[in-house]
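# Architecture at a glance
Below are the chains, spelled out letter by letter.
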Amino acid sequence: MPEGLEAEIYARAAHQVIGRRITSVVVDPLCGDGDLLGRLVSADVRAVSRHGKHVLVDTTRGRLDLHFGMTGRLIVDGSAAIQQLEYGARRDDPVWDRLVVSFDRGEMRVSDPRRFSRHRLDPELDLGVDLLAPVDQIADALQGVSRRRGPVKGVLLDQRVIAGLGNLCVDEVLFHTGVAPSTPMCEVADLNRLAEVIATTMPAMLVAGGSHTGDTGPGHRDGDGRCALDGTPLVRSMVAGRATVSCPTHQR
Ligand SMILES: [Zn+2]
């Protein structure tokens, strides 16, 4: 968390700063270079976009890249695009502000208790196809890594393959594809089916509110969660170094 879906929600909220002029930028030294980001003062915001988990604010003096780490939230003009991340802060304490961009009217800030958010100027992003891209582009990306021997879960988490998928979304995609997370990528039989599930599940979860809304999301992940399809108790394990939830009956 936050995954690409949360970044999309943030990016949409940040659209309201388009056309404003930046009057100051204050960043926590752990989360960004204050001297570099200071160059944005007096720049005008031209556009806001997103790729993967990155929100990109284009200005007349460069591109500001916002990456939210594990617990970052974007707050625009005092209102949070997402009130509460599933594993994030439950309140909005000003001491957690790691980036504050003030405009000629209003402000945008990143509240991040864990301090893993990163904010850069004109970054070079080495990212794969976006998680909300059309199905044929996602299928091409999967085809390009179809010989990898590592677990499919790790491949889907690789931001250079598909940008924006995180732990919760990958578990959900594999659940609905019926593939066990530890399956070697090179043994996944139907990559087109996997691409189709990504291309249908991601927009649906975005509409539902984000990466926590799936059948393997929080609430199903600990204790006595059961498979929504066949009722089997869900199994927890570690795959690709991440806490993973899957159904031992229909995910093979
Ligand atoms: Zn099942």
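In this report, the structure presented in the accompanying data block is examined. (Residues numbered from 1 in each chain as written. Predicted model: local features only at pLDDT ≥ 70, side-chain atom pairs only at ≥ 80, totals over all residues. Heavy atoms only, no water.)

## Focus on the coordination of the zinc ion
Applied cut-off: Donor criterion used throughout: N, O or S atom within 2.8 Å of the metal, extended to 3.2 Å for Na, K and Ca. Water excluded; incomplete-looking sites may result.
Only Cys227 (SG), Asp230 (OD), Asp230 (OD), Cys247 (SG) and His250 (ND1) from the protein reach the zinc ion as donors, at distances of 2.1 to 2.8 Å. Along the chain, the residues donating to the zinc ion are arranged with the sequence spacing C-x2-D-x16-C-x2-H.

## A few points about the pattern of salt bridges
The line we're drawing: The term salt bridge refers to a pairing of a side-chain nitrogen on Lys or Arg with a carboxyl oxygen on Asp or Glu at a separation within 4 Å. Helix and strand labels come from DSSP, where a helix needs a run of H or I of at least four residues and a strand needs a run of E of at least two; each type is numbered from the N terminus. The buried label applies to any residue whose accessible area, calculated with a 1.4 Å probe on protein chains only, is under 20% of its type's maximum; exposed applies above 50%, and partly exposed to all values in between.
Scanning all chains against the criterion turns up 15 salt bridges. Measuring nitrogen to oxygen at the nearest pair gives 2.7 Å for the salt bridge that ties Arg20 to Asp77. One end of the pair, Arg20, is in the loop between helix 1 (4-14) and strand 1 (22-27); the other, Asp77, is in the loop between strand 5 (73-76) and strand 6 (79-80), and 57 residues separate them in sequence. Taking the relative accessible area as the measure of exposure, Arg20 reaches 5% and is therefore buried. Classification of Asp77 as partly exposed rests on a relative accessible area of 35%. The residue Asp65 makes a salt bridge to Arg120 at a minimum N-O spacing of 3.2 Å. Taken together, the positions of Asp65 in strand 4 (residues 62-67) and Arg120 in strand 9 (residues 118-121) put the pair 55 residues apart, joining distant regions of the chain. A single network of salt bridges, built from pairs that share partners, joins Glu8, Arg12, Arg50 and Asp130.

## With respect to helix 3 (residues 135-144)
We apply this condition: What the arc measures is the spread of directions leading from the helix axis to the C-beta atoms. In this description, contact between two residues means that some pair of their heavy atoms is separated by no more than 4.5 Å.
For helix 3, every residue scored as buried is listed here: Ile138, Ala139, Ala141 and Leu142. Each buried residue of helix 3 sits inside an arc of 160° when the element is viewed along its axis, so together they form one side. Opposite the buried face of helix 3, by more than 90 degrees, sit the exposed residues Asp140 and Gly144. Contact partners of the buried residues in helix 3: strand 10 (129-130), helix 4 (152-157), strand 11 (162-163) and helix 6 (191-208).

## Overview of the sheet that holds strand 3 (residues 54-59)
Strands in a sheet are paired, the pairing made by backbone hydrogen bonds, and the direction either parallel or antiparallel. The condition that has to hold: Criterion used throughout: strands pair if DSSP finds at least two bridges between them. Here an axis means a line fitted to C-alpha atoms, over the contact stretch when the element is a helix, while the angle between two N-to-C directions is reported on a 0 to 180 degree scale.
Reading across from one edge, 2-3-4-9 is the order of the four strands in this open sheet, with antiparallel pairing throughout. Since the sheet does not close on itself, it has two edges, and those belong to strand 2 (45-51) and strand 9, each with one partner. With direction set aside, neighbouring strand axes in the sheet form an average angle of 15°. Two elements, strand 2 and strand 3, share six bridges in a ladder whose sense is antiparallel. The residue of strand 3 that forms the bridge with Val45 is Thr59.

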